[in-house]
There are 2 protein chains.
Amino acid sequence: MDSGQAYIFDVFGTLVDWRSSIARQVADVLPQVDANAFALDWRSRYQPAMERVRAGERDYVPVDVLHREMLDETLAEFGVDVPDRSIFARAWEKLGSWPGVSDQLADLRQRALIAPCSNGSIALMTRLARFAGLPWDTVLGADIAQNYKPVPQVYLSNCAVLGLAPEQVTMVACHNDDLVAARAAGLRTAFIARPTEYGPDQDFDLEPAQDWDEVVTDLAQLATRPSLVSR
Amino acid sequence: MDSGQAYIFDVFGTLVDWRSSIARQVADVLPQVDANAFALDWRSRYQPAMERVRAGERDYVPVDVLHREMLDETLAEFGVDVPDRSIFARAWEKLGSWPGVSDQLADLRQRALIAPCSNGSIALMTRLARFAGLPWDTVLGADIAQNYKPVPQVYLSNCAVLGLAPEQVTMVACHNDDLVAARAAGLRTAFIARPTEYGPDQDFDLEPAQDWDEVVTDLAQLATRPSLVSR
């Protein structure tokens, strides 16, 4: 294992299938609604909620707070309610990973430090790691920077607390915009397509939008090129 | 596993035998010095160095920075030098654990979230976890608070990023003063004796100084009482 090299990961979409996992939990509690539409609506409120923090209009709060507020809005939108909203908000700790992710990360971990760099909180990501079998060395992400991606400080602070320079760290994501920001901050970049994250009709992020440093179809392919391993 | 309960750990002394591990590494590089005395001298500069940060006389720096400065002082004290001081300072990432610690933590992890709450940095603790086989859910500690124990904010921030109230979190240490501070911050407390941390003549921290919530001789005994498991 090369502790002078780390891979940090986007999680929602890149590693876990939040849409069908949330939809399944919604279907259990709210059989009367279109569970897939409910999941998409809930998630659609994510970027606008974070944007207020990024813009400085609101102090940083862990994403769990946003998830609860977004849930209130989605429940109102669908004209339904649940007995205990706080438990339902913990649905984001119970997301299944895409096939093979757990074993692929374990494989990669033989060669580099690995950690999530998610907008999810440490509290959420720690529990999700248990649920989805993500074998992290440590949990990083938005809480470390007290701000949300794609603000540069999130990427930079995550590198810094690992004791690494940005060029020693590779950001892995299925979202091109995450990699644009990571590259601008000086990190290496790796893309993996997750073409059904938003459903069968997804028409974006199907391919790499730039010449990312690595493009893989399996996370175990990361860091296997000789030039990387020998660093 | 009860994710509404966490155990956070002091590491240097409580989980790893820093003294003999450092002495062994010193002996390899500086055969002419008393390696045990060198290790103790290096470590003796730890609390004064952190105290400047706690007192507000110096901005927070990760402990790795202090370790390098302390190394310079100890080398000067012993009138010796090493070819590459930065590599030698990484000696603190290569400390062996007390017998059984790795398996005991893995056992405890079946029942609760576990994380280090050390004055060591995330960078150091992440690598030490690999070396010593400490199966953390995530690495917390001083970096989260940007300050050093026993400042209350270190304990409180560590609980907060786990999404837990202090009373849901147990601080585990072999140092009574660490537990005094944790209890004052509202955390539960657990003591384990490490009577040779400083050597065979150690005459402090041999026994619990207060009625700590748990006193164990094996970390696998933590969280096994029915009142805790059923929470």
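The preceding data block contains the structure.
Owing to the predicted nature of the structure, the values given are computational and were not obtained by experimental measurement.

### Observations regarding the relation of the copies chain B and chain A
- Superposing chain B onto chain A takes a rotation of 180 degrees plus a shift of 0.0 Å along the axis, which leaves an RMSD of 0.0 Å. The superposition operator between the copies reduces to a two-fold rotation axis. Among all C-alpha atoms of chain B, that of B:Thr138 lies closest to the rotation axis, at 2.2 Å.
- Most of the interface of chain B is mirrored in chain A, where 100% of its interface residues again form contacts.

### Remarks on the packing of aromatic side chains
Residue and element names in this part refer to chain B.
- Taken as a whole and assessed by the stated rule, the structure comprises 24 aromatic pairs over all chains.
- A ring pair is formed by Phe-9 and Trp-136, whose centres lie 5.6 Å apart and whose planes are at 45 degrees; its orientation type is tilted. On the criterion of sequence distance, the pair formed by Phe-9 in strand 1 (residues 2-9) and Trp-136 in the loop between helix 7 (122-132) and helix 8 (142-145) is long-range, its members being 127 residues apart. Trp-136 matches Phe-9 in its accessibility class, with the two residues each being buried.

### As for the sheet that holds strand 5 (residues 214-216) of chain A
Residue and element names in this part refer to chain A.
- Spatially, 5 strands are ordered 2-1-3-4-5 in an open sheet, and the strand pairing comes out parallel. The open sheet terminates on both sides in strands that have one partner only, identified here as strand 2 (112-116) and strand 5. Strand after strand, the sheet turns through a mean of 25 degrees between neighbouring axes, direction not considered.

### Concerning the state of the cysteines
- Overall, the coordinates contain 0 disulfides over all chains when judged by the stated rule.
- With no disulfide of its own, A:Cys117 lies closest to A:Cys159 among cysteine sulfurs, the gap being 7.8 Å.

### With respect to the interface of chain B and chain A
- Contacts between the two partners involve 22 residues from chain B and, on the opposite side, 22 residues from chain A.
- Of the roughly 1,700 Å² buried at the junction of chain B and chain A (both faces included), carbon and sulfur atoms supply 50%.
- Taken together, the connections running from chain B to chain A amount to 2 salt bridges.
- Across the pair B:Asp137 and A:Arg130 runs a salt bridge whose closest N-O atoms are separated by 2.5 Å.
- Here chain B and chain A share 13 residue pairs in polar contact (both at pLDDT 80 or more) between them.
- Elements with a contribution of two residues or more to the side of chain B that touches chain A: strand 2 (112-116), helix 7 and helix 8 of chain B.
- Among the elements that make up the side of chain B that touches chain A, the one with the highest residue count is helix 7 of chain B (5 residues).
- By residue class, the composition of the side of chain B that touches chain A is 13 nonpolar, 4 polar and 5 charged.

### Concerning the sheet that holds strand 1 of chain B
All names here are of chain B.
- Across the sheet, which stays open at both edges, the 5 strands sit in the order 2-1-3-4-5 with parallel pairing between neighbours. If you trace the sheet from one side to the other, it starts and ends with strand 2 and strand 5 (214-216), each paired once. For this sheet, the mean inter-axis angle between neighbouring strands, taken without regard to orientation, is 25 degrees.
- Bridge count for strand 1 against strand 2 is 5 bridges, and the pairing is parallel. The residue of strand 2 that forms the bridge with Ile-8 is Ala-115.

### Considerations on the environment of A:Glu167
- Position of A:Glu167 relative to the elements: it lies in the loop between helix 9 (152-161) and strand 3 (169-173).
- Each C-alpha atom, one on A:Glu167 and one on A:Arg183, is 9.3 Å from the other, the two residues being 16 residues apart in sequence.

### Digging into the packing of helix 1 (residues 18-29) of chain A against helix 2 (residues 35-44) of chain A
Residues and elements named next belong to chain A.
- Here helix 1 crosses helix 2 at 120 degrees, and the two axes come no closer than 8 Å. What the angle tells us is that helix 1 and helix 2 run oblique. Here helix 1 and helix 2 pass one another in a crossing that is right-handed. Residues Trp-18, Arg-19, Ile-22, Ala-23, Val-26 and Ala-27 of helix 1 form the contact with helix 2, whose own contacting residues are Ala-35, Asn-36, Phe-38, Ala-39, Leu-40, Trp-42 and Arg-43.
- For the contact of helix 1 with helix 2, the class distribution of residues is 10 nonpolar, 1 polar and 2 charged.

### What to know about the environment of A:Phe38
Residue and element names in this part refer to chain A.
- Mapped onto the secondary structure, Phe-38 falls in helix 2.
- By relative accessible area, Phe-38 is classed as buried at 0%.
- Placed 33 residues apart in sequence, Phe-38 and Leu-71 show a C-alpha to C-alpha distance of 9.6 Å.
- With residues up to four places along the chain from it excluded, the contact list for Phe-38 reads Val-26, Leu-30, Val-33, Leu-71, Thr-74, Leu-75, Phe-78, Val-80 and Phe-88.

Scoring rules and cut-offs
- Residues numbered from 1 in each chain as written.
- Chains lettered and ligands numbered in written order.
- Predicted model: local features only at pLDDT ≥ 70, side-chain atom pairs only at ≥ 80, totals over all residues.
- Heavy atoms only, no water.
- Least-squares fit on C-alpha atoms with pLDDT ≥ 70 in both.
- Contact = heavy atoms within 4.5 Å.
- Phe/Tyr/Trp six-rings, centres within 6.5 Å; stacked < 30°, edge-to-face > 60°.
- Helix = DSSP H or I, 4+ residues; strand = E, 2+ residues; numbered from the N terminus.
- Buried < 20%, exposed > 50% of the residue type's maximum accessible area, 1.4 Å probe, protein only.
- Pairing = 2+ DSSP bridges.
- Axes fitted to C-alpha atoms, helices over the stretch in contact; angles between N-to-C directions.
- Disulfide = S-S within 2.5 Å.
- Buried area = accessible area lost by both parts, 1.4 Å probe.
- Salt bridge = Lys/Arg side-chain N within 4 Å of Asp/Glu carboxyl O.
- Polar contact = N/O pair within 3.5 Å; in protein donor to acceptor, adjacent residues only side chain to side chain.
- Nonpolar A, V, L, I, M, F, W, Y, C, P; charged D, E, K, R; others polar.
- Parallel < 35°, antiparallel > 145°, perpendicular 65-115°, else oblique.
- Left-handed = near helix turned anticlockwise from the far one by under 90°.

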